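# Structural overview for review
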Amino acid sequence: MAYPKTRRSLDGDTVLIRWLDPDTVDATLWPALERLLDSRERNRAARFHVEADRRSYVAGHALMRAMLSSRVPVSPADWRFAEGAHGKPEAVMPPGAPPLRVNLSHARGMAAVALAVGHEVGVDVERRERGDLTLELAERFFAPSEVVALRALPDDRRTDGLFAVWTLKEAVIKALGRGLAMPLDSFAVDWEPPGVTFAPGASAATDWLLRRFRPGPAHVLALALRHPEPGRVAVRARAAGVDDLLAAAG
């Protein structure tokens, strides 16, 4: 496959967010999207029992690889990933390439990817119909200040609050790459406006940019970016089309 000598540049003060609704993908295009994945991902996709979950997985990984290939001339299926200290996958950059940081999330019916240069980034997307996110769960696992704020909400807004807190916390944990090693009550988020507070001696709260989005009526999405001057950051967020993915593939 031939590639141009240069790709669109991305500076350290910009973060890209793209999301893709698998239901918008024409059935004839799924084979082309699957070819953007590597063999391990295709094998994993084949093991999904629910077709909607399989398509969300394929959409997310195809979107991630296409976004990387839109900035660096590497074939989407040729990208390799190395695990960090806590298991967070990072794209292996070829010599001379910018230090891209990418993060992926998918839920049934939606996939989302965040891309930044030189700054840790996390993204989380959730389907609002999941029934296990309750105030009782928050009381067990969330930070005390979050529980107080959620209890104060009227009943008709509490579900929105629960998903705002959950997605923001997940995005922060994914940006840090800590996974299950970071307890959910070890830091607290606000959702209006989005922000984060860490325990003394941990990451400075002022070094973070948090944002919330509604990529569709059934889903919520959150971004967390660790940046020394978050006020300088431009967030470019939109839905991705399949044409975007196939064009990035060359």
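Placed above this text is the structure.
Residues numbered from 1 in each chain as written. Predicted model: local features only at pLDDT ≥ 70, side-chain atom pairs only at ≥ 80, totals over all residues. Heavy atoms only, no water.

### Looking at the packing of helix α2 (residues 39-46) against helix α3 (residues 51-69)
Closest axis-to-axis distance for the α2/α3 pair is 9 Å, and the angle between their directions is 165 degrees. As the angle between them shows, α2 and α3 are arranged roughly antiparallel. Relative to α3, the crossing made by α2 is right-handed. When α2 is examined against α3, the residues E41, R44 and A45 are found in contact with a partner set consisting of R54, Y57, V58, H61, M64 and R65. (Axes fitted to C-alpha atoms, helices over the stretch in contact; angles between N-to-C directions. Helix = DSSP H or I, 4+ residues; strand = E, 2+ residues; numbered from the N terminus. Parallel < 35°, antiparallel > 145°, perpendicular 65-115°, else oblique. Left-handed = near helix turned anticlockwise from the far one by under 90°. Contact = heavy atoms within 4.5 Å.)

### Considerations on the nonpolar core
Within the largest apolar cluster, 33 residues are counted, with the highest numbers of intra-cluster contacts made by L33, L68, L115 and L245. Elements that contribute at least two residues to this core include exactly β1 (14-20), α1 (30-34), α3, β4 (100-107), β5 (110-117) and α7 (242-248). In terms of residue count, the dominant contributor to this core is α3 (9 residues). Ignoring any residue separated from it by four or fewer positions in sequence, one finds L33 in contact with V25, V58, A62, V242, L245 and L246. Within the second largest apolar cluster, 29 residues are counted, among which are A138, L150, L168 and V189. (Core = buried A, V, L, I, M, F, W, Y, C linked by side-chain atoms within 4.5 Å. Buried < 20%, exposed > 50% of the residue type's maximum accessible area, 1.4 Å probe, protein only.)

### Digging into the pairing of strand β9 (residues 208-216)
Taken residue by residue, a regular strand's side chains alternate between the two faces of the sheet. Bridge analysis of β9 against strand β10 (residues 219-226) gives 7 bridges, and the strand direction is antiparallel. Residue pairing for β10: R212 is matched across the bridge by A222. A loop of 2 residues connects β9 with β10, the two strands running antiparallel in sequence. (Pairing = 2+ DSSP bridges.)

### Some details on the packing of aromatic side chains
Following the criterion strictly, the structure yields 5 aromatic pairs and no others. Consider the rings of W19 and F213, whose centres lie 6.2 Å apart with planes at 45 degrees: the pair is tilted. One end of the pair, W19, is in strand β1; the other, F213, is in strand β9, and 194 residues separate them in sequence. The residues W19 and F213 share a single accessibility class, namely buried. Summarising the aromatic geometry, the rings of F187 and F198 are spaced 5.8 Å apart at their centres and angled 25 degrees between planes, so their arrangement reads as stacked. Of this pair, F187 sits in strand β7 (residues 187-191) while F198 sits in strand β8 (residues 194-198), and the two are 11 residues apart along the sequence. Accessibility assignment for this pair places F187 and F198 in one class, buried. By the ring-pair criterion, three or more aromatic residues cluster together here, those being F187, F198 and W208. (Phe/Tyr/Trp six-rings, centres within 6.5 Å; stacked < 30°, edge-to-face > 60°.)

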